[in-house]
Amino acid sequence: MSEVLRVEKLEAGYGKFHVLFGVDLTVNSGEIVVLLGPNGAGKSTLLNSIVGMADVYSGRVVLLGRDITGDPPHEVMKMGVAYVMQSPNNFGTPNIFGELTVYENLVAASAGVPREEVGRRIEEVYSIFPKLRDLRDRKAKFLSGGERQMLAIGLGLMKKPKLLMLDEPTAGLAPKLVSDFFIAIRDIRDKLGISILLVEQNARKALEIGDRAYVLVTGRVRYSGGAKSLDEAKLAELFLGG
Ligand SMILES: Nc1ncnc2c1ncn2[C@@H]1O[C@H](COP(=O)(O)OP(=O)(O)O)[C@@H](O)[C@H]1O
Ligand SMILES: [Mg+2]
């Protein structure tokens, strides 16, 4: 099993504000890795550190065998990472253009993709989120929160990343839609072969589709192991610092 991402002994934060302490994490090819933890634990900061959006004080980030520690976001994206940020940040996702239709947004996200490949990529996105096909001619500014989230993920898929990082993709969605999203996330791995690092509040559902899991509490890894061996009692204990 080859390694897509390795984070080693990461110390990171924002300026003088130290958030992460000695974090080790790996994502192997074909895995869905779930990252759990209470609010403020540093989950988003960990993802930010990987793409050069937080300050790394020491430790390393290795992508596909290459040291990318501190590389700027556009470089990391070019190397095969798609990052769908947590909403409400995501609500202002700079690559969603409100005045463009769903289809036009997907085309706009295909810069650098060979022309003959673009149509096929868009079909892949529609196969994961059939709703986007129905909405193809709708301007993005008229999408609901859930539809916008599908588009945000779809845009990330257009470049066929090696690693997709999703930060609380189901936050604020209606329960029925939440289940659809978990199916879609599993399909992205199963049908498109993309490895996934998933931050979720919905621990139970996330652990059902996850292969391995990490629990982060106040910037430190408190659990790392099989997703199926984490039950709710164990999680509560970890969250509470037991
Ligand atoms: N851009 C930022 N600048 C400074 N501090 C931040 C920033 N983003 C988050 N923080 C702080 O870093 C800590 C960890 O936050 P975060 O990584 O967002 O946690 P989580 O995603 O687990 O809820 C919190 O104390 C938060 O207030
Ligand atoms: Mg967060």
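Structural data are supplied above this passage.
Note that the structure is a prediction, hence the values are computed from the model and not measured. (Residues numbered from 1 in each chain as written. Chains lettered and ligands numbered in written order. Predicted model: local features only at pLDDT ≥ 70, side-chain atom pairs only at ≥ 80, totals over all residues. Heavy atoms only, no water.)

A.B. asks: Any chance you could explain the site of ligand 1 here in plain terms?
C.D. replies: Inspection of the region around ligand 1 gives Tyr14, Phe17, Val19, Pro38, Asn39, Gly40, Ala41, Gly42, Lys43, Ser44 and Thr45 as its neighbouring residues. Within the side chain of lysine 43, an N or O atom sits 2.7 Å from an oxygen atom of ligand 1. The separation between an oxygen atom of ligand 1 and a polar side-chain atom of threonine 45 is 2.5 Å. With the chains in place, 59% of the 560 Å² that ligand 1 exposes on its own is no longer accessible. Taken together, the elements giving at least two residues each to the shell around ligand 1 come down to strand S2 (17-28) and helix H1 (43-50). It is H1 that provides the largest number of residues to the shell around ligand 1, a total of three residues. Grouping the constituent residues of the shell around ligand 1 by class yields five nonpolar, five polar and one charged. (Near = heavy atom within 4 Å. Polar contact = N/O pair within 3.5 Å; in protein donor to acceptor, adjacent residues only side chain to side chain. Areas by Shrake-Rupley, 256 points an atom, 1.4 Å probe, with all protein chains shown as cover. Helix = DSSP H or I, 4+ residues; strand = E, 2+ residues; numbered from the N terminus. Nonpolar A, V, L, I, M, F, W, Y, C, P; charged D, E, K, R; others polar.)

A.B. asks: Before we go on, may I ask you to explain H1 in this structure?
C.D. replies: When you tally the buried positions in H1, you get seven out of eight residues, the bulk of the element. Along H1, the positions that sit buried rather than exposed are Lys43, Thr45, Leu46, Leu47, Asn48, Ser49 and Ile50. After H1 finishes, the residue glycine 52 shows a positive phi value of roughly 75 degrees. (Buried < 20%, exposed > 50% of the residue type's maximum accessible area, 1.4 Å probe, protein only.)

A.B. asks: How should I be thinking about the coordination of the magnesium ion (ligand 2) in this particular structure?
C.D. replies: Under perfect tetrahedral coordination by four donors, a metal shows angles of 109.5 degrees; under perfect octahedral coordination by six donors, it shows angles of 90 or 180 degrees. Only Ser44 (OG) and Gln86 (OE1) from the protein coordinate the magnesium ion (ligand 2), and they sit 2.1 to 2.3 Å from it. Of this pair, serine 44 sits in helix H1 while glutamine 86 sits in the loop between strand S6 (81-84) and helix H3 (102-108), and the two are 42 residues apart along the sequence. (Donors = N, O, S within 2.8 Å, 3.2 Å for Na, K, Ca; no water.)

A.B. asks: Hey, could you run me through the nonpolar core in this one?
C.D. replies: Nonpolar side chains tend to gather and get buried jointly when the protein is soluble and globular. Core analysis: the biggest nonpolar cluster contains 52 residues, and Leu106, Leu151, Ile153, Leu157, Leu164, Leu198 and Leu230 have the highest contact counts within it. By residue number, the principal contributor to this core is helix H7 (residues 175-192), which donates seven residues. Among the domains, domain 1 (1-80 + 163-242) and domain 2 (93-160) are the pair contributing at least three residues each to this core. In terms of nonpolar packing, the next biggest core, distinct from the first, is built from 30 residues, Leu10, Val51, Leu163 and Leu216 among them. (Core = buried A, V, L, I, M, F, W, Y, C linked by side-chain atoms within 4.5 Å. Domains from an automatic or database assignment.)

A.B. asks: Explain the sheet that holds strand S9 (residues 212-217) here, please?
C.D. replies: In a beta sheet, neighbouring strands are held together by backbone hydrogen bonds and run either parallel or antiparallel to one another. The six strands are arranged S6-S7-S8-S3-S9-S10 in an open sheet whose pairing can be described as mixed. For this open sheet the edge positions go to S6 and strand S10 (220-226), each flanked by a neighbour on one side alone. Neighbour to neighbour, the strand axes of the sheet diverge by 15 degrees on average, direction disregarded. Bridge analysis of strand S3 (residues 32-36) against S9 gives four bridges, and the strand direction is parallel. By the bridge assignment, leucine 36 is partnered in S9 with valine 215. Docked against the sheet, H1 engages S3, S6, strand S7 (163-167), strand S8 (195-199) and S9, running at close to 150 degrees with respect to S7. (Pairing = 2+ DSSP bridges. Axes fitted to C-alpha atoms, helices over the stretch in contact; angles between N-to-C directions. Contact = heavy atoms within 4.5 Å.)

A.B. asks: Even after reading the chapter, I still don't get the side chain of lysine 43, so can you show me in this structure?
C.D. replies: By the element assignment, lysine 43 lies in helix H1. Nearest to the buried, unbridged lysine 43 among oppositely charged side chains is glutamate 168, at 4.5 Å. Here glycine 37 takes part through its backbone oxygen, which lies 2.9 Å from a polar atom of the side chain of lysine 43. Looking at lysine 43, its side chain comes within polar contact range of the main-chain oxygen of proline 38, at 3.0 Å. Once residues within four sequence positions are removed from consideration, lysine 43 is found in contact with Leu35, Leu36, Gly37, Pro38, Glu168, Val199, Gln201 and Leu216. (Lys, Arg positive; Asp, Glu negative; His and termini not counted. Salt bridge = Lys/Arg side-chain N within 4 Å of Asp/Glu carboxyl O.)

A.B. asks: Where do I start with the pattern of salt bridges in this structure?
C.D. replies: Pairing is possible between side chains of opposite charge, provided their charged atoms come close. Applying the stated criterion across every chain yields a total of 19 salt bridges. Arginine 212 is paired through a salt bridge with glutamate 31; the nearest N and O atoms lie 2.7 Å apart. Taken as a pair, arginine 212 in strand S9 and glutamate 31 in the loop between S2 and S3 lie far apart in primary sequence, 181 residues in all. With relative accessibility at 6%, the residue glutamate 31 sits in the buried group. In this structure, the salt-bridge partner of lysine 191 is aspartate 187, at a minimum N-O distance of 3.7 Å. With lysine 191 and aspartate 187 both in helix H7 and four residues apart, this pair spans about one turn of that helix. Judged by relative accessible area, which is 54%, lysine 191 ranks as exposed. Among the residues examined, aspartate 187 registers a relative accessible area of 17% and is labelled buried. One salt-bridge network, held together by shared partners, links Glu3, Arg6, Glu8, Arg60 and Asp67.

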